[in-house]
Amino acid sequence: NLLNMEKDPVIVLVTGAAGQIGYALAPMIARGVMLGPDQPVILHMLDIEPSKEALEGVKMELIDAAFPLLKGVVATTDVVEACTGADIAVMVGGFRRKEGMERKNVMSKNVSIYKAQASALEEHAAANCKVLVVANPANTNALVLKEFAPSIPEKNITCLTRLDHNRALGQISEKLGVQVNDVKNVIIWGNHSSTQYPDVSHATVTTNSGEMSVSKLISNDQWLKTQFITTVQQRGAAIIKVRKLSSALSAASAACDHIRDWVLGTPQGTWTSMGVCSDGSYGIPAGLIYSFPVTCAKGEWSIVPGLKIDEFSRTKMDATANELMEEKSLAYSCLEE
Ligand code: LMR
């Protein structure tokens with residue numbers, strides 16, 4: 001009986017679900033973009049009280065879209081109800097910096113949000129729940145979540161830098177006039193912020209005559225070392241400038257890519273970038289949530305070992321690590337208050 005062969009549904013929690021990223025993300029998840037075309041899902045959508053009605057509207061539309069894979073939708077402002085049974089948690093909700101606000105105030109708001117959600121996840125999510133933090137400051141929000149959900153395995157707490165990774169692939173593809181699919185193994189090191197280091201030293205392009213390194217194909221070394229890096233670092237801000245809203249469809253798509261590769265594995269011969277808990281690899285302080293090149297298999301990521309790091313890269317990798325250390329102390333100082 002074919003019906004009995006259907007997989008059990010996976011419960012996916014999305015926080016901040018009534019926002020613009022949530023609005024782009026929910027239908028992607030319901031269509032199987034995140035977990036595959038044969039994986040039924042149940043969506044748990046959480047948002048705050050002022051967004052309650054809008055969230056209900058998203059639920060109505062999800063029902064109206066009649067997605068075959070969507071086996072249930074919970075739209076709630078109750079964090080416990082939202083977290084209960086979650087197998088995957090995509091944390092899009094957070095406090096956004098408003099004009100004139102101090103960094104410290106923004107951090108303090110996010111620290112309390114992520115501390116509370118960590119406890120709810122720890123108590124009510126599935127024991128092996130995989131967590132992806134999207135909301136900024138993504139790495140440090142993930143760090144706070146890790147500190148306050150000690151029973152969730154450290155390896156299960158990650159943050160999104162796949163958006164930056166995809167942006168880097170896009171820039172190289174545009175520059176060379178090649179298919180984006182033929183570009184691989186760029187790396188995003190560090191923080192999902194303007195100090196991140198998009199690194200193409202190991203990136204290649206598939207051509208008719210085989211794999212060629214990006215640094216050979218782009219003879220203008222200066223472009224790679226300057227404009228390429230700043231374009232990727234500042235892409236989020238550039239989108240906000242023109243759209244008057246932050247990236248949403250690309251962020252949602254990257255969140256799906258991140259979870260899909262994590263759960264189903266990275267394609268043979270390629271790696272991706274994920275913000276994960278450092279084990280001290282590449283001289284990055286252990287315990288920081290830092291973006292590394294990773295491969296995934298059997299639902300686990302591993303940092304790609306043994307890549308050669310030149311002096312240019314070293315300086316940039318350390319600069320973004322330093323920023324993360326500063327964010328960490330700022331977060332801790334908020335906790336003490
Ligand atoms: C992005 O990379 O698009 C966002 O993190 C930018 C932002 O500040 O929301």
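Residues numbered from 1 in each chain as written. Predicted model: local features only at pLDDT ≥ 70, side-chain atom pairs only at ≥ 80, totals over all residues. Heavy atoms only, no water.

A. Region of interest: the site of the ligand. Every residue near the ligand is listed here: Arg96, Asn136, Leu163, Arg167, His192, Gly236, Ile240, Ser246 and Ser247. Arg96 is positioned with one of its side-chain polar atoms (N or O) 3.2 Å from an oxygen atom of the ligand. Between Ser247 and the ligand, the recorded distance is 2.7 Å, taken from a side-chain N or O atom to an oxygen atom. Calculation on the ligand without its partners gives an accessible area of 270 Å², and the protein chains cover 78% of this total. At the level of elements, helix 6 (162–176) and helix 10 (235–243) are the ones that each hand at least two residues to the shell around the ligand. Its residues placed into classes, the shell around the ligand shows 2 nonpolar, 5 polar and 2 charged. (Near = heavy atom within 4 Å. Polar contact = N/O pair within 3.5 Å; in protein donor to acceptor, adjacent residues only side chain to side chain. Areas by Shrake-Rupley, 256 points an atom, 1.4 Å probe, with all protein chains shown as cover. Helix = DSSP H or I, 4+ residues; strand = E, 2+ residues; numbered from the N terminus. Nonpolar A, V, L, I, M, F, W, Y, C, P; charged D, E, K, R; others polar.)

B. Spatial organisation of the layout of surface pockets. Of the pockets and cavities examined, the second largest pocket occupies roughly 330 Å³. Lining the second largest pocket are 16 residues, and of these Arg162, Leu169, Asn181, Val183 and Pro267 lie nearest its centre. The element that contributes the greatest number of residues to the lining of the second largest pocket is helix 6, accounting for 4 residues. Of the residues assigned to the lining of the second largest pocket, the class counts are 5 nonpolar, 7 polar and 4 charged. (1 Å grid on protein atoms, 1.4 Å probe; cavity = no way out; pocket = protein on both sides within 12 Å on 5 of 7 lines; lining within 4 Å. Points joined across faces, edges and corners; volume = space filled by probe spheres on them.)

C. How the structure looks around the nonpolar core. Grouped together as the largest cluster of nonpolar side chains are 73 residues, with contacts concentrated most on Val12, Leu25 and Val90. With residues near it in sequence (within four places) discarded, Val12 still touches Ile29, Met34, Leu35, Val41, Ile42, Leu43, His44, Ile88 and Val90. Counting residues in hydrophobic clusters, the runner-up holds 32 residues, among them Ala120, Val133, Ala149 and Cys159. (Core = buried A, V, L, I, M, F, W, Y, C linked by side-chain atoms within 4.5 Å. Buried < 20%, exposed > 50% of the residue type's maximum accessible area, 1.4 Å probe, protein only. Contact = heavy atoms within 4.5 Å.)

D. Focus on the environment of Ala86. Along the chain, the position of Ala86 falls in the loop between helix 3 (79–83) and strand 4 (88–91). By relative accessible area, which is 0% here, Ala86 ends up buried. Note: C-alpha distance between Ala86 and Leu132 (46 residues apart in sequence) is 12 Å. Ala86 has contacts with Ile11, Leu13, Ala125, Ala126 and Cys129, leaving out every residue within four places of it along the chain.

E. Fine view of unusual backbone geometry. Cis peptide bonds are those with omega within 30 degrees of zero, and the linkage from Asn136 to Pro137 qualifies with -10 degrees. Mapped onto the elements, Pro137 comes out in the loop between strand 5 (130–133) and helix 5 (138–148). Phi at Ala66 takes a positive value of approximately 50 degrees, unusual for a residue other than glycine. With respect to the helices and strands, Ala66 occurs in the loop between helix 2 (52–64) and strand 3 (70–76). You will see that Lys244, though not glycine, has its phi angle at about 60 degrees, which is positive. Along the chain, the position of Lys244 falls in the loop between helix 10 and helix 11 (249–264). Here Lys244 falls in the exposed class, since its relative accessible area comes to 64%.

F. Focus on the environment of Val90. Secondary-structure assignment places Val90 in strand 4. Residue Val90 is classed as buried on the basis of its relative accessible area, which comes to 0%. Along the sequence, Val90 and Val183 sit 93 residues apart, while their C-alpha atoms lie 27 Å from each other. Those residues in contact with Val90 that lie beyond four places of it in its chain are Val12, Leu13, Val14, Thr15, Leu25, Met34, Leu132, Val134 and Ala255.

G. View of helix 11. With 16 residues, helix 11 extends 22 Å between its outermost C-alpha atoms, agreeing within 8% with the 22 Å of an ideal straight helix rising 1.5 Å per residue. Along helix 11, the positions that sit buried rather than exposed are Ala251, Ala252, Ala254, Ala255, Cys256, Asp257, His258, Ile259, Asp261 and Trp262. One or two steps after helix 11, the chain reaches Gly265, where phi turns positive at roughly 100 degrees. (Expected span 1.5 Å × (residues − 1).)

H. Local environment of helix 2. For helix 2, spanning 13 residues, the distance from its first C-alpha to its last is 19 Å, which sits close to the expected 18 Å at 1.5 Å a residue. Every buried residue of helix 2 is accounted for by Leu55, Val58 and Leu62. Axial view of helix 2: buried residues confined to an arc of 55 degrees, hence all on one face. Facing away from the buried side of helix 2, by more than 90 degrees, are the exposed residues Glu53, Ile63 and Asp64. At its buried positions, helix 2 is contacted by helix 1 (20–30), strand 2 (41–46) and strand 3. (Arc of directions from axis to C-beta.)

I. A look at the sheet that holds strand 10 (residues 204–207). Taking strand neighbours across the sheet as the criterion, the 3 strands line up as 7-10-11 in an open arrangement whose pairing is antiparallel. Unpaired on one side and paired on the other, strand 7 (183–184) and strand 11 (210–213) mark the two borders of the sheet. In this structure, strand 7 lies alongside strand 10, joined through 2 bridges in antiparallel fashion. What sits directly across from Lys184, in strand 10, is Thr204. (Pairing = 2+ DSSP bridges.)

J. Just the pattern of salt bridges, in detail. Following the criterion strictly, the structure yields 10 salt bridges and no others. Note that Glu300 is salt-bridged to Lys155, the shortest N-O span being 3.7 Å. Separated by 145 residues along the polypeptide, Glu300 in strand 14 (residues 300–303) and Lys155 in the loop between helix 5 and strand 6 (157–159) bring together distant segments of the chain. Of the residues examined, Glu300 reaches a relative accessible area of 45% and is grouped as partly exposed. (Salt bridge = Lys/Arg side-chain N within 4 Å of Asp/Glu carboxyl O.)

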